[in-house]
Amino acid sequence: MATAILDLEMSKLPPEIRVEERYSKALVLIRLHGKPIGQALLSLVGGHADGSQLRETLMNAAGENLWKNWLYDTLAWDERGPVQAMPLATVAVCTRDRPEDLRRCLDALMQNPDEGQEYLVIDNCPSTDATKEVVKNYPQVRYVREDVPGSSAARNRALREAKHEFVAFTDDDAAPDPNWLRSLLLNFSDPRVMCVTGLVMPLELETEAQEWFEWYSPHGRGFERRVFDGAQCNPLIVHLVGVSASMAVRKSLIDYIGLFDEALGAGTPTVGGEDCELFARILRAGYCIVYEPRALSWHRHRRTWEELRKTLQGYGIGVYAFWTRLFVINREFSVPLLAWGWLRYKQIPELIASLRKQPDAVPRDLLWAQFRGCFSGPMAYFASRKLLQKIKGSNE
């Protein structure tokens, strides 16, 4: 059964909820004065919920965060510190052969206020001219073609092409909120902040695969702003930091941290891991990363079960490829402890629950897919490095 997606403001709740009758529940993003403060799963009968049920469900779900943010608003206190002048930024969308997703993403970006930002679309190893044709409909957007395959190569090209110091990245299957860019940029007042990530909510939950993805591996990291300080936290534990589908970095990180590792990421044998690797490198160098839930974006999860299985397998490959780089290149010899912790405290309990057919246990085929990915991750990293050398050698 599909789940409706609602976006509601606590100070202006409607007298009732009425959506299509096929929905028996709704995932509600709860805002207070525009700021996301929580989410709730609302039960529906024939696509309907009355106002009292709605209000009670949302207040219970938001909990203390509702009153904390109400107090902040009343006192006009901003946890980000004094408001600074808005810096100029470049917004980059890296894409490959998904013109419909790209069109939705660009339509959403055009709703962000015009504050002098530059827009780039990096077309990564396209098989057709479809992306180029879509971009022609957006005169504010500059089209750039990058022929080295992989999301990291595309992001590195965006960093080199960007005219401004701050570069915000979104994926083509995401739809940023109108306040997305501003919310990311207002967190860079501290010069030690090298990267800001944002909240990612599901754009739709129409299929079983999308619902499982959101339940098992959501992109959102909660509704509390957090600062990850590399001088104080474990720089190798980065899964709480955020995701690259919604993030901004300083262009000058090229000088301090280096570019993305082009052997990691979608479009390469490693499938992923590039954002985790960059986050770890930023923190290991002693800089900070801010997670800012005001920077909201909506992500279209994969719709079919087969796509979900491939996604989770890819996550396994990406994580272990990232850890392989840490172990081999960076000599981080505590990496096996990370792998053991994941296996001991998450993967094995999930597998046992699945074998026992416990309620809400993760389907076995998804867990096996993830295990297969983990096993193949290290070799995928070496294969990706070798392939990258061959491609770059042939281009010279």
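Conventions adopted
- Residues numbered from 1 in each chain as written.
- Predicted model: local features only at pLDDT ≥ 70, side-chain atom pairs only at ≥ 80, totals over all residues.
- Heavy atoms only, no water.
- Helix = DSSP H or I, 4+ residues; strand = E, 2+ residues; numbered from the N terminus.
- Expected span 1.5 Å × (residues − 1).
- Buried < 20%, exposed > 50% of the residue type's maximum accessible area, 1.4 Å probe, protein only.
- Arc of directions from axis to C-beta.
- Contact = heavy atoms within 4.5 Å.
- Pairing = 2+ DSSP bridges.
- Salt bridge = Lys/Arg side-chain N within 4 Å of Asp/Glu carboxyl O.

Student: Explain helix H2 (residues 64-75) here, please?
Tutor: Because each turn of an α-helix spans 3.6 residues, side chains separated by three or four positions in sequence point in the same direction. Between its first and last C-alpha, H2 extends 17 Å over 12 residues, near the 16 Å set by a 1.5 Å rise per residue. Listing the buried residues of H2 in full gives Asn65, Leu66, Asn69 and Tyr72. All buried residues of H2 lie within an arc of 130 degrees about the axis, which places them on one face of the element. The outward face of H2, more than 90 degrees from its buried face, is lined by the exposed residues Glu64, Trp67, Thr74 and Leu75. Those residues of H2 hidden inside the fold are in contact with strand E3 (25-32), strand E4 (35-43) and helix H1 (51-62).

Student: In this structure, what is going on with the pairing of strand E13 (residues 246-250)? I would like to understand it.
Tutor: Working note: regular strand, side chains alternate between the two faces of the sheet. The buried fraction of E13 amounts to five of the five residues, a majority that puts the element mostly inside the structure. Along E13, one buried face is formed by Ser246, Ala248 and Arg250 and the opposite face, lined by Met247 and Val249, is buried too. Here strand E9 (residues 166-171) runs beside E13; their pairing, made up of five bridges, is antiparallel. The partner of alanine 168 across the bridge, within E13, is alanine 248. For strand E11 (residues 193-202) and E13, the ladder comprises three bridges, and the chain directions are antiparallel. What sits directly across from cysteine 195, in E13, is valine 249.

Student: Can you walk me through the pattern of salt bridges in this structure?
Tutor: One side chain can pair with another of opposite charge once the charged atoms of both are near each other. The tally for this structure, following the rule as stated, stands at 39 salt bridges. Of the charged contacts, one joins arginine 142 and glutamate 161 as a salt bridge, the two residues approaching to 2.9 Å between their closest N and O atoms. Remark: glutamate 161 occurs in helix H5 (residues 151-161) and arginine 142 occurs in strand E8 (residues 141-146); sequence separation between them is 19 residues. Residues aspartate 173 and arginine 302 are paired through a salt bridge, measuring 2.9 Å at the closest nitrogen-oxygen approach. Here arginine 302 lies in the loop between strand E14 (288-299) and helix H10 (305-328) and aspartate 173 lies in the loop between E9 and strand E10 (174-176), a separation of 129 residues in the sequence. Assessed through its relative accessible area of 3%, aspartate 173 is described here as buried.

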